[in-house]
Amino acid sequence: MKTLILMALLIAATGGLFAQSSAIHGKVFDENGNPLYAVNVSVNVGGSIVGSTTDFDGVFKLKPLNAGTYTVDISYVGYRSVQKTDVKVYNNQITFMSDVRLTVNAEIIDPGIVITAEREPMIKIDNPSIIPVPSATIVKMPGAKNPVMVARNISSDIQVVENKMVVRGSRPGSSSVYIDGIKVRDEMTSLPTMAIGSMELYTGGIPAKYGDVTGGVIMMTSKSYFDLYNEYMALESRTQNF
């Protein structure tokens, strides 16, 4: 068990070199809808803080980030701090958070923190042709180790013919699978289930950066080193309590 965990950690650590190109963008306003300048916005990444401040339009950009799920902390002097939980970030993509409104803090002694959960949109605003699949969904599926088998369970546009992915009747071999930004030769390549972070599917409107692909594209991202380490420590803690 420990050997498998260490192998997964190594895969994640290597993959992280290619996956750290995502970001979180958003806007912060006061309760009257006016943009707030110089608001502190940050996320905790394995004990290290990635932070930013809003510009004159209330816009902030947190980058670079690995794919994963984050809690975004937003604070401003004289206003109640806010935490946005469950903010999902996918590989090579920008996650646009819903607008944040801060309320004036009437209790200076106890500022308090307002915690809300960020709801993930079903359709990506910047790219409606992509289908995001979080880790929690993947691990519950049959054949969760294989990107193509997971994709087939998600979208009826995807089938498997002679161990090749076929998208909307395209010819076998006209689609591509990427793991941590690297194109794999064997579409049926598998990952340890516990190492899978997230997946994105393109069944149409494929970006030009993927070349002459005429079928579909699967982008699978492994969990970061810190995600796996935290899960391992939580497992060790539960084991010691029994």
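Here is what the cut-offs are and how they apply
Sequence order as written defines residue numbering, which begins from 1 separately in each chain. Owing to the predicted nature of the model, reporting of local features is limited to residues with pLDDT of at least 70; listing and counting of side-chain atom pairs is limited to 80 or more, with chain, interface and lining totals taken over all residues. Side-chain figures throughout are based on the complete set of non-hydrogen atoms in the structure, without hydrogens or water. Secondary structure elements are defined from DSSP: runs of H or I of at least 4 residues count as helices, runs of E of at least 2 residues count as strands, and each element is numbered from the N terminus. Residues count as neighbours in contact if any of their non-hydrogen atoms are within 4.5 Å of one another. Here the open area of atoms and residues is found with the Shrake-Rupley method and a 1.4 Å probe, where only the protein chains shown may cover a residue. Nonpolar cores were defined as sets of buried Ala, Val, Leu, Ile, Met, Phe, Trp, Tyr and Cys residues, with membership established by side-chain atoms within 4.5 Å. Exposure is judged per residue with a 1.4 Å probe applied to protein chains only, and the accessible area is read against the type maximum: over 50% gives exposed, under 20% gives buried, and values in between give partly exposed. Two strands are said to pair when DSSP picks up at least two bridges between them. Simply put, an axis is a line fit to the C-alpha atoms, just over the touching stretch for a helix, and the angle between two N-to-C directions goes from 0 to 180 degrees. Regarding the arc, it is the one traced by the directions from the helix axis to the C-beta atoms.

Draft legend 1. The overall build of the protein chain, seen in detail. Regarding its fold elements, the protein chain presents 4 helices and 16 strands. Contacts in the protein chain between residues at least 24 apart in sequence constitute 64% of all its contacts with a sequence separation of at least 6. Surface exposure of the protein chain reaches about 13100 Å², of which carbon and sulfur atoms provide 55%.

Draft legend 2. A look at the nonpolar core. Within the largest apolar cluster, 21 residues are counted, with the highest numbers of intra-cluster contacts made by Ile24, Val72, Ile74 and Leu102. Excluding anything up to four places from it in sequence, Leu102 contacts Val28, Phe29, Asp30, Glu31, Leu36, Val39, Ile74, Tyr76, Tyr79, Arg80 and Val82. Residues Met141, Met165, Ile196 and Met199 belong to the second largest nonpolar core, which totals 20 residues.

Draft legend 3. Summary view of the pairing of strand S1 (residues 22-30). When you tally the buried positions in S1, you get 8 out of 9 residues, the bulk of the element. Sheet analysis places S1 next to strand S4 (residues 59-65), joined by 5 bridges and oriented antiparallel. The partner of Gly26 across the bridge, within S4, is Phe60. With 3 bridges connecting them, S1 and strand S7 (residues 94-96) associate as parallel partners. Paired with His25 across the bridge in S7 is Phe96. Relative to strand S8 (residues 100-102), S1 is paired through 3 bridges, and the arrangement is parallel.

Draft legend 4. Region of interest: the sheet that holds strand S15 (residues 196-202). As summarised here, the arrangement of the 5 strands in space is S10-S15-S16-S13-S14, forming an open sheet in which the pairing is mixed. Pairing within the sheet leaves two strands with one partner each, and these edge strands are strand S10 (130-134) and strand S14 (182-183). Judged from the 6 bridges that link them, S15 and strand S16 (residues 217-222) form a sheet pairing that is antiparallel. Across the sheet, residue Glu200 finds its bridge partner in S16, namely Met219. The strands that helix H3 (residues 147-154) touches are S10, strand S13 (176-179), S15 and S16; relative to S15, the one it contacts most, it runs at about 60°.

Draft legend 5. Looking closely at H3. Within H3 the residues assigned to the buried category are Pro147, Val148, Val150 and Ala151. The arc that holds every buried residue of H3, seen down its axis, measures 160°, which confines them to one face. Buried-residue contacts for H3 involve helix H2 (135-138), strand S11 (158-161), strand S12 (164-167), S13, S15 and S16.

Draft legend 6. Layout of the pairing of S15. Where burial is concerned, most of S15 is hidden: 6 out of the 7 residues are buried. Two elements, S10 and S15, share 5 bridges in a ladder whose sense is antiparallel. Across the sheet, residue Pro134 finds its bridge partner in S15, namely Ser198.

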